Amino acid sequence: MAWTTRSTRTAYENRWISVREDEVTGPAGDGIYGVVEMRHPAVFVVAIDDRDRVCFVEVDRYTTGRSLEVPAGGSDGEDALDAAKRELLEETGLTAEAWQPIGRMNALNGIAVAPEHVFLARGLAPAEDATTSQLEEGIERVVWIPFAEALRQVAEGRIDDGETVAALAYAGISLGRFV
């Protein structure tokens with residue numbers, strides 16, 4: 001059975017998201033569905049140095065507390081690659097020579113419209129004039145973890161941010177680590 005939207009109303013909105021409430025008819029009959037819509041796609045950067053270490057940021061999230069995550073953020077309406085370059089620079093003070101798009105995904109697709117782009121960044125170097133916004137974003141520090149160790153930390157639940165786990169999976173597939 002296909003979903004039918006009978007009516008929709010915006011319950012809340014700000015410059016990053018909107019939340020709508022839809023009256024729907026679906027597989028279980030009539031009901032209400034809440035949907036979060038991101039205004040712009042997000043970007044995720046798996047930055048790997050020449051020693052096969054992945055760059056993570058340790059973030060103190062209001063919603064979930066401390067987390068190790070790959071650099072990421074909103075595209076703010078700009079090109080996804082440009083946004084990825086900006087996020088890497090803002091969050092880590094790094095630039096990359098080589099950029100490769102390695103995947104697209106959707107966050108929380110049961111309740112959200114949140115498209116995401118994943119990039120692999122190589123040839124890393126500190127930016128000459130880096131002005132990071134780490135404090136404003138709650139970033140406590142930049143952490144370098146060997147790729148294989150990062151996967152172990154995912155398996156142990158120490159790295160548990162869903163988008164970071166998915167981004168690492170895309171990187172592993174792209175780099176031929178899972179074949």
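The structure reproduced in this document is the subject of the present report. (Residues numbered from 1 in each chain as written. Predicted model: local features only at pLDDT ≥ 70, side-chain atom pairs only at ≥ 80, totals over all residues. Heavy atoms only, no water.)

Within the protein, the secondary structure is distributed over four helices and 11 strands. Taking the principal axes of its C-alpha atoms as reference, the protein extends roughly 55 × 40 × 30 Å. Counting only residues that meet the buried cut, the protein has 37% of its 179 residues in that class. In the protein, the share of contacts with a sequence separation of at least 24, taken over all contacts with a separation of at least 6, comes to 58%. Separation between the mean location of the 17 positive side-chain charges and that of the 31 negative ones in the protein comes to 3 Å. (Helix = DSSP H or I, 4+ residues; strand = E, 2+ residues; numbered from the N terminus. Buried < 20%, exposed > 50% of the residue type's maximum accessible area, 1.4 Å probe, protein only. Contact = heavy atoms within 4.5 Å. Lys, Arg positive; Asp, Glu negative; His and termini not counted. Charge placed at Lys NZ, Arg CZ, Asp CG, Glu CD.)

Taken together, the three strands give an open sheet; going across it, the order is β6-β5-β11, and neighbouring strands pair in antiparallel fashion. The open sheet has two edge strands, β6 (65-69) and β11 (139-146), and neither has a second partner. Direction aside, neighbouring strands of the sheet carry axes that sit 25 degrees apart on average. Taken together, the seven bridges between strand β5 (residues 53-61) and β11 define a ladder with antiparallel strand orientation. The residue of β11 that forms the bridge with Arg53 is Pro146. (Pairing = 2+ DSSP bridges. Axes fitted to C-alpha atoms, helices over the stretch in contact; angles between N-to-C directions.)

As for its position among the elements, Thr92 is in helix α1 (residues 80-92). On the basis of relative accessibility, which here comes to 13%, the residue Thr92 falls in the buried class. Only 2.5 Å separates the side chain of Thr92 from the backbone oxygen of Leu88, close enough to count as a polar contact. There is a polar contact of 3.1 Å between the side chain of Thr92 and the backbone nitrogen of Leu94. (Polar contact = N/O pair within 3.5 Å; in protein donor to acceptor, adjacent residues only side chain to side chain.)

Attention now goes to unusual backbone geometry. Positive phi outside glycine occurs at Asp52, with the angle close to 65 degrees. Note on placement: Asp52 falls in the loop between β4 (42-47) and β5. On the accessibility criterion, Asp52 (26% relative accessible area) is partly exposed. Here Asp76, not a glycine, exhibits a phi torsion of approximately 50 degrees, which is positive. For Asp76, the location among the structural elements is in the loop between β7 (72-74) and α1.

Right, let's talk about the packing of aromatic side chains for a bit. Under the criterion given, the structure shown has two aromatic pairs. Taking 5.5 Å as the distance between ring centres and 80 degrees as the angle between the ring planes, the aromatic pair formed by Trp3 and Tyr33 counts as edge-to-face. Placement of the pair is Trp3 in the segment before β1 (4-13) and Tyr33 in strand β3 (residues 29-38), with a sequence separation of 30 residues. With relative accessibility at 32%, the residue Tyr33 sits in the partly exposed group. On the numbers, 6.5 Å between centres and 75 degrees between planes, the contact of Trp99 with Phe119 is edge-to-face. Here Trp99, found in strand β8 (residues 94-106), pairs with Phe119, found in strand β10 (residues 115-126); they are 20 residues apart in sequence, far enough to count as distant. Grouping residues by exposure puts Trp99 and Phe119 together as buried. (Phe/Tyr/Trp six-rings, centres within 6.5 Å; stacked < 30°, edge-to-face > 60°.)

Okay, the sheet that holds strand β9 (residues 112-113) next. Strand order across the open sheet formed by four strands is β1-β2-β3-β9, with mixed pairing between neighbours. Of all strands in the sheet, those bounded by a partner on one side alone are β1 and β9. As paired strands, strand β2 (residues 17-26) and β3 are joined by 10 bridges and run antiparallel to one another. Across the sheet, Ile17 pairs through a bridge with Met38, a residue of β3.

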